[in-house]
Number of protein chains: 2
Amino acid sequence: MTHQREVILEELKRLRTHPTADELYEIVKKRLPRISLATVYRNLEQLSAAGIIQKLDFVGRQMRYDGDISKHSHIRCVECGSVADVRINPIQGIDQAVIDACGYKVLDYHLDFLGLCPICLLKKHRDN
Amino acid sequence: MTHQREVILEELKRLRTHPTADELYEIVKKRLPRISLATVYRNLEQLSAAGIIQKLDFVGRQMRYDGDISKHSHIRCVECGSVADVRINPIQGIDQAVIDACGYKVLDYHLDFLGLCPICLLKKHRDN
DNA sequence: TCTTAATTAAGAATTTTTCTCAAGTCAAGA
DNA sequence: TCTTGACTTGAGAAAAATTCTTAATTAAGA
Ligand SMILES: [Mn+2]
Ligand SMILES: [Mn+2]
Ligand SMILES: [Zn+2]
Ligand SMILES: [Zn+2]
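Here's a quick rundown of the structure. (Residues numbered from 1 in each chain as written. Chains lettered and ligands numbered in written order. Predicted model: local features only at pLDDT ≥ 70, side-chain atom pairs only at ≥ 80, totals over all residues. Heavy atoms only, no water.)

Listed as interface residues are 39 residues of chain A and, on the opposing side, 39 residues of chain B. Summing the contributions of chain A and of chain B, the shared interface buries around 3000 Å²; its carbon and sulfur component is 68%. Joining chain A to chain B, the criterion identifies zero salt bridges. Where chain A touches chain B, the interface holds nine residue pairs in polar contact (both at pLDDT 80 or more). (Contact = heavy atoms within 4.5 Å. Buried area = accessible area lost by both parts, 1.4 Å probe. Salt bridge = Lys/Arg side-chain N within 4 Å of Asp/Glu carboxyl O. Polar contact = N/O pair within 3.5 Å; in protein donor to acceptor, adjacent residues only side chain to side chain.)

This is the structure we're talking about:
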């Protein structure tokens, strides 16, 4: 475990914001001003391959990373772009329903949401 | 409605494969050899903004497009990469569960799967 | 038919991510 | 202590996907 990897992991675990690689790069740079973006990508890749962090490819074209590896969903606000964790119970009997519907065996699934955060919801109400 | 847009739409609707922009470009090129890739991107963007087709950003960093705009899920085979439609019933009471869990109002959700297609499943069994 | 607003092809540019490579680090063994 | 080898780094080049720019063409309506 190199110092760079340690700092990257530490900062990601501290954040609740699901940062992109370059957002995290900007944060890590405050502690390691000489670090390169490629090192951040390299270590995020390694850490997620090792199961120590999660790579999220649910929102658009840019990867996001999550220091919380527990199984959970995410919701993104369509107004302000904020991303929040959503902890809901696993869906019952989904594997069998999928087999019945298309013949594929389910290994994993992602349930992700689009919506309005409490703040943007309030703004909408006030505007109407 | 230009001829290019018509052909792009027609070919996408014909396909059941959820092609990427450049896969569709290769197909459309057979009918319109002078078309450019940017035209394909531009029209896919327009058609999906108009709600005539769907843009799928569920798998990795490359967009895929679907001529079928009915609400349905997808499953991707982790072995061969094939993508299939999955028609399952909407999840009951999910909006309330999400509000309770994080305070966001749900506008839409995506439930997508990773798994093994029947062919790759069979291969696995034979290998063991 | 004439006008104009939209669209095109081609290639340049952008954005995000990965790759290459020479140099640096460090632990184990001679 | 010196050498070796495995691993990692920073820097920049390269790759992959998508969007933008431009002058020319086309569609659609008066
Ligand atoms: Mn999370
Ligand atoms: Mn589909
Ligand atoms: Zn919001
Ligand atoms: Zn397969």
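Having seen it, we continue.
The subject of this paragraph is the coordination of the manganese ion (ligand 1). All names here are of chain A. At 2.0 to 2.3 Å from the manganese ion (ligand 1) lie its protein donor atoms, namely His18 (NE2), Asp66 (OD), His72 (NE2), His74 (NE2) and Asp85 (OD). In the primary sequence, the donor residues of the manganese ion (ligand 1) line up as H-x47-D-x5-H-x1-H-x10-D. In this pair, His18 is assigned in the loop between helix H1 (3–14) and helix H2 (21–29) and His72 in the loop between strand S2 (64–66) and strand S3 (73–77), connecting sequence segments 54 residues apart. Here the two residues His18 and His72 agree in accessibility, since each one is buried. (Donors = N, O, S within 2.8 Å, 3.2 Å for Na, K, Ca; no water. Helix = DSSP H or I, 4+ residues; strand = E, 2+ residues; numbered from the N terminus. Buried < 20%, exposed > 50% of the residue type's maximum accessible area, 1.4 Å probe, protein only.)

Moving on to the pairing of strand S3 (residues 73–77) of chain B. Residues and elements named next belong to chain B. Counting buried residues along S3, four of its five residues qualify, which places the element largely inside the surrounding structure. Strand direction decides the pairing type here: S3 and strand S4 (residues 83–86), joined by four bridges, are antiparallel. Bridge pairing links Arg76 to Val83 in S4. Taken together, S3 and the strand that follows it, S4, pair antiparallel across an intervening segment of five residues, in which Gly81 is found at a positive phi of about 80 degrees. Both S3 and strand S5 (residues 105–116) contribute to a ladder of four bridges, which runs parallel. Within S5, the position partnered with Arg76 by the bridge is Leu114. (Pairing = 2+ DSSP bridges.)

So yeah, pure geometry; function would need other evidence.
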